[in-house]
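Tertiary structure, described
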Amino acid sequence: PHAWKKLPAKPVLGLIDNGKTRARDLLVGVAKVLEKQGLIDSHFILRKPTAAHTITMEDRVDLRARAHLIISAIGD
């Protein structure tokens, strides 16, 4: 379930790189645009070994603790 909360003044974006071709490029491009526009303060990337792998419970806990927004990429 999603919990909609008000974003802080300087939100952090968590990015999930699913390992597909160009997924990281897409995610970094989106993050740079959002940072340039002042919509996010910073970002970090979590990389999965392949698109078939799910993130671990530890990764989920880390994402929820560090990120205010999360994007998971699809690329090819």
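As for the overall build of the protein
- Helix and strand counts for the protein come out as two helices and three strands.
- From first element to last, N terminus to C terminus, the protein shows the α and β order β-α-β-α-β.
- Relative to its length of 76 residues, the protein is compact, with a C-alpha radius of gyration of 12 Å against a globular reference of 11 Å.
- Each principal axis of the C-alpha distribution contributes one length, and for the protein these read about 35 × 25 × 15 Å.
- Relative to its 76 residues, the protein shows a buried fraction of 26%.
- When contacts within the protein are restricted to residue pairs at least 6 apart in sequence, those whose partners lie at least 24 apart make up 73%.
- Total accessible area on the protein is roughly 5700 Å²; 57% of this is exposed by carbon and sulfur atoms.

Digging into unusual backbone geometry
- Although it is not a glycine, R22 sits at a positive phi angle of roughly 70°.
- Tracing the sequence through the fold places R22 in the loop between β1 (12–17) and α1 (23–36).
- With a relative accessible area of 56%, R22 lands in the exposed category.

Concerning the sheet that holds strand β3 (residues 69–72)
- Reading across the sheet, the three strands line up as β2-β1-β3 and stay open at both edges, with parallel pairing between neighbours. Looking at strand neighbours, the two that pair on one side only are β2 (42–47) and β3, the edges of this open sheet. Each strand axis lies, on average, 20° off the axis of its neighbour in the sheet, ignoring direction.
- As defined by bridge partners, β1 adjoins β3 across four bridges and the pair is classed as parallel. In the strand pairing of β3, L13 is matched with L69.
- Sitting on the sheet, α1 touches β1, β2 and β3, and the angle it makes with β1 is about 170°.
- Sheet contacts for helix α2 (residues 57–66): β1, β2 and β3; angle to β2, the most-contacted strand, approximately 175°.

Parameters and conventions
Residues numbered from 1 in each chain as written. Predicted model: local features only at pLDDT ≥ 70, side-chain atom pairs only at ≥ 80, totals over all residues. Heavy atoms only, no water. Helix = DSSP H or I, 4+ residues; strand = E, 2+ residues; numbered from the N terminus. Rg over C-alpha atoms; globule rule 2.2 N^0.38 Å. Buried < 20%, exposed > 50% of the residue type's maximum accessible area, 1.4 Å probe, protein only. Contact = heavy atoms within 4.5 Å. Areas by Shrake-Rupley, 256 points an atom, 1.4 Å probe, with all protein chains shown as cover. Pairing = 2+ DSSP bridges. Axes fitted to C-alpha atoms, helices over the stretch in contact; angles between N-to-C directions.

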